[in-house]
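# Structural features, examined
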Amino acid sequence: KLVSYELRGSDGRVEQPFGDAPAGRLMYDAHGRMAGQCMDPRRPKFARSNAARGSHEEVRAAFIRYIAYYGAYTLDAQAGTVTHHVEGCLYPNWVGTDLVRNVAFSGQRMILRTPPIQTGSREVVGTLVWERETCGE
């Protein structure tokens, strides 16, 4: 389960885009398949009970505060990276791409870091901390 998600900028500023208690799950299987989702649990509910009838603002807030994708993965233990080969994604531009993440382990936790990402006038590095759960937790 997702423990934390932060963006650390080249200017030293740290942001928590999904708040201080983000929600998410990341799953890897023995056959090289993966799926991940994370969200800001503070996302506002739509006024209507039909997602297709949400206002522009409702749809935008729901979309930008949720990440979801699936595909295959490869682990390069020597390089300390895992690559997610994206086959399906909420954000269509990631479909068909490879997302390389630095990976480290600490006890029951896995830390994934993005390479530096240019966002306007600064670079940010995303860090997601995941905690291993066993079935039934």
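Scroll up to find the structure.
Residues numbered from 1 in each chain as written. Predicted model: local features only at pLDDT ≥ 70, side-chain atom pairs only at ≥ 80, totals over all residues. Heavy atoms only, no water.

### Some details on the environment of Asp 29
Note the threshold: The secondary structure listing takes helices from DSSP runs of H or I that are at least 4 residues long and strands from runs of E that are at least 2 residues long, numbered from the N terminus. Only protein chains enter the accessibility calculation, which uses a 1.4 Å probe; a residue is then buried when its area is under 20% of its type maximum, exposed when over 50%, and partly exposed in between. Pairs of N or O atoms within 3.5 Å make up the polar contacts considered here, provided that, within protein, one atom can donate a hydrogen while the other can accept it, and that residues adjacent in sequence are counted only when both atoms are side-chain atoms.
Its location among the elements puts Asp 29 in the loop between strand E3 (23–28) and strand E4 (33–39). Assessed through its relative accessible area of 30%, Asp 29 is described here as partly exposed. Sequence separation of Asp 29 and Asp 40 is 11 residues, and the distance between their C-alpha atoms is 25 Å. At 3.1 Å, the side chain of Asp 29 and the backbone nitrogen of Gly 32 are in polar contact.

### Quick look at the nonpolar core
The line we're drawing: Definition of nonpolar core: a set of buried residues of the types Ala, Val, Leu, Ile, Met, Phe, Trp, Tyr and Cys, connected through side-chain atoms within 4.5 Å. Whether two residues are in contact is decided by their heavy atoms: any pair within 4.5 Å suffices.
Counting 17 residues, the largest nonpolar core has Leu 112 and Trp 130 as the members making the most contacts within it. Residue assignment for this core shows that the elements contributing at least two residues are strand E1 (2–9), E4, strand E6 (81–89), strand E7 (98–106), strand E8 (109–113) and strand E10 (122–131). If sequence neighbours within four positions are ignored, Leu 112 has contacts with Leu 26, Tyr 28, Val 82, His 84, Arg 101, Asn 102, Val 103, Gly 126, Thr 127, Leu 128 and Trp 130.

### Some points on the pattern of salt bridges
What counts, and what does not: For this document, the term salt bridge refers to a Lys or Arg side-chain nitrogen within 4 Å of an Asp or Glu carboxyl oxygen.
Throughout the structure, instances matching the rule amount to 10 salt bridges. For the salt bridge of Glu 133 with Arg 25, the shortest nitrogen-to-oxygen distance reads 3.6 Å. One end of the pair, Glu 133, is in the segment after E10; the other, Arg 25, is in strand E3, and 108 residues separate them in sequence. On the basis of relative accessible area, Glu 133 is assigned to the partly exposed category, the value being 28%. One salt-bridge network, in which partners are shared between bridges, spans Asp 11, Arg 13, Glu 15 and Arg 122.

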